[in-house]
Amino acid sequence: MMKRRMICLSILLIAATAGSALAQNAGVSSGYPTPKNGFSPAEQRGHGLYLRYCVLCHGVFGDGNGDNAPFLDPRPRDFTAATFKCRSTPTGTLPLDSDLIGTLVRGVQATNMPSWRPLTDENRQDLVAYIKTFSERWKTEKPGDAIKIPPETPVSIESIRRGHELFQKMECWKCHGQQGRGDGPSASTLTDSKDQPIRPYNFAMARNDSRFKCGSENQDLYRIFMTGVDGTPMPSFADVMQPNDAWDLVHYLRTLQTERRSKENEVLKAAGGAATLKSSENKSENNSAADSNGKTHSGGH
Amino acid sequence: MRTKQMLVALLTLLVCPCLLFAGTVSGKVSYTGTPAKPKPIDMSKEPSCAKQHATPITTETVVAGANNALANVVVYISAGAPDEGQVPQQAVTFEQKGCQYIPHVLVMHTGQELKVLNSDQTSHNIHPLAKTNREWNKSQPPGTPPISEKYDKEEFITVKCNVHPWMRGYFAVLKTSHYDVSKDDGGFKLPNLPPGKYTITAWHEDYGTQTSDVTITGNETKDVTFTFKAKAY
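Numbers given for residues are sequential positions, taken from 1 along each chain in its written order. Working convention: letters from A go to chains and numbers from 1 go to ligands, in the order in which they are written. Local features in a predicted model are, by the rule used here, given only for residues with pLDDT of at least 70; side-chain atom pairs are given and counted only at 80 or more, and totals for whole chains, interfaces and linings are based on all residues. The basis for every side-chain value is the complete set of heavy atoms in the structure, and neither hydrogens nor water enter the calculation.

Caption draft 1: Structural view of the interface of chain A and chain B. Working rule for contacts: check all heavy atoms of both residues, and any pair within 4.5 Å makes them a contact. Listed as interface residues are 28 residues of chain A and, on the opposing side, 22 residues of chain B. Summed over both partners, buried area is the accessible surface (1.4 Å probe) that two parts give up on being assembled. Of the roughly 2,000 Å² buried between chain A and chain B on both sides combined, carbon and sulfur atoms contribute 46%. Here, a salt bridge means any side-chain nitrogen of Lys or Arg that lies within 4 Å of a carboxyl oxygen of Asp or Glu. Joining chain A to chain B, the criterion identifies three salt bridges. Note that E46(B) is salt-bridged to K174(A), the shortest N-O span being 2.5 Å. By the criterion applied in these results, polar contacts are pairs of N or O atoms within 3.5 Å in which, for protein atoms, one can donate a hydrogen and the other can accept it, and in which residues neighboring in sequence qualify only through two side-chain atoms. Taken together, the links from chain A to chain B amount to 18 residue pairs in polar contact (both at pLDDT 80 or more).

Here's what the structure looks like:
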């Protein structure tokens, strides 16, 4: 009798331990209630992780209204809108899972979103699966096709010069300012899609840190202005810019990071520095004025 | 001979009964109270646009005419429309000219092609802040081809240009082509309505929506008026 009771107890104990291990694997060990029915195992696990790591900022409903949200600028992302800043897909389309995972790995520069590199790959995949339950769009739409990024063209002073001309022609300076310091004439009026004030990226801020909101490499910079940063004033230039032109613009934008060691800055310095770009711009705009000034100048000496 | 005539008449009736029993809903949109005064727009930061306006322009949030008439109100059939799902083939056009949107309120059918033109000498970014539909944001420098887009779901969408913060317009995406936008005299007209029960909705960007139920029994014109309460601020 005693023996049988011991066996029963042992079985119960083993079952309880296995149950708690399963619960941990299911991501619901945080003490929060189990998510609603119909979730896939990945979404269940993601829910547990979300409640542990994300809920304080992004909120229980995923609408960016967590307890910490009022103290954050910019505000946390609203997942119910399914609008994402960092995508490899065209403006207006849903991102790929790999885009969202990339954001989790990197964090978002100049915001309160930290890097979630310490999590495992599986954790991040589960979180992405759960984040996608906040909007019906994920059930009715497919993510866009990733834009194609052709191989980078060589960095040269000609390429930087053409990029500078594009910066003028595309009127990037209206928001980002002529020196890329985020202080263009429209900068102070910008608001995001939630009507919250938002600052344009300040290129000059970067020292040896070359991070942008959506990556740190030249191809990330290329991707940012071709896809646009949805939910913000930054539009997509994919319809109005050819790939080679886009690389020229990338090379010029890198020179706006004046404190950063880069091939682009070396090439520009060897060619005479940023002043050479301005002088060529002035030459085309004020040809006649420059001529008359030149005459006065030589006449005076 | 007489039988033939009768047959033709019967066939016409079968093919297009709307020709014989085409009702019309028409009327006027007006307001009560005192609306906020339009604010002058300072375009001095964009000289290429400023010089296109001989007199300074103002905001178009409330465009009021004589006798309290209210313009730019979308009046449409929100229930009972006979043409749901019939997408018009021709595109609708939204133009950016003088750093203003023309028209201020553009109505389109779900799935209908929308063409966005830039007639200015400056870059615009077209940023419709859709919530039900997809939110996209595209740059359109001067001289570039029209942007072609379409919307799949019904929605009233605010359109912004982030570079020029005074630019604000609206897309009204509807499931019907039975719509009109009230003119300066507040007038609107919804013709070619077969007999039936309809809900007519009037939408204004600041004052919200109003509805009215109408029954069309034959070849008749029903008068419907909408009166919005003006907001002073």
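Caption draft 2: Structural view of the sheet that holds strand β2 (residues 74-79) of chain B. Residue and element names in this part refer to chain B. Two strands are said to pair when DSSP picks up at least two bridges between them. Secondary structure elements follow DSSP: runs of H or I of four or more residues count as helices, runs of E of two or more count as strands, with numbering from the N terminus. Taken in spatial order, the four strands make up an open sheet running β12-β2-β14-β15, and their pairing is antiparallel. Each having just a single partner strand, β12 (179-181) and β15 (208-216) make up the two edges of the open sheet. The mean angle between the axes of side-by-side strands here comes to 25°, regardless of whether they run parallel or antiparallel. Between N-to-C directions, angles cover 0 to 180 degrees, with each direction set by a line fitted to C-alpha atoms, over the stretch in contact for helices.

Caption draft 3: How the structure looks around unusual backbone geometry. Cis geometry marks the peptide bond from D73(A) to P74(A); its omega dihedral reads 0°. As for its placement among the helices and strands, P74(A) is situated in the loop between α3 (55-58) and α4 (97-106). I102(B) connects to P103(B) through a cis peptide bond whose omega is -5°. Relative to the helices and strands, P103(B) is located in the loop between β4 (100-102) and β5 (105-109).

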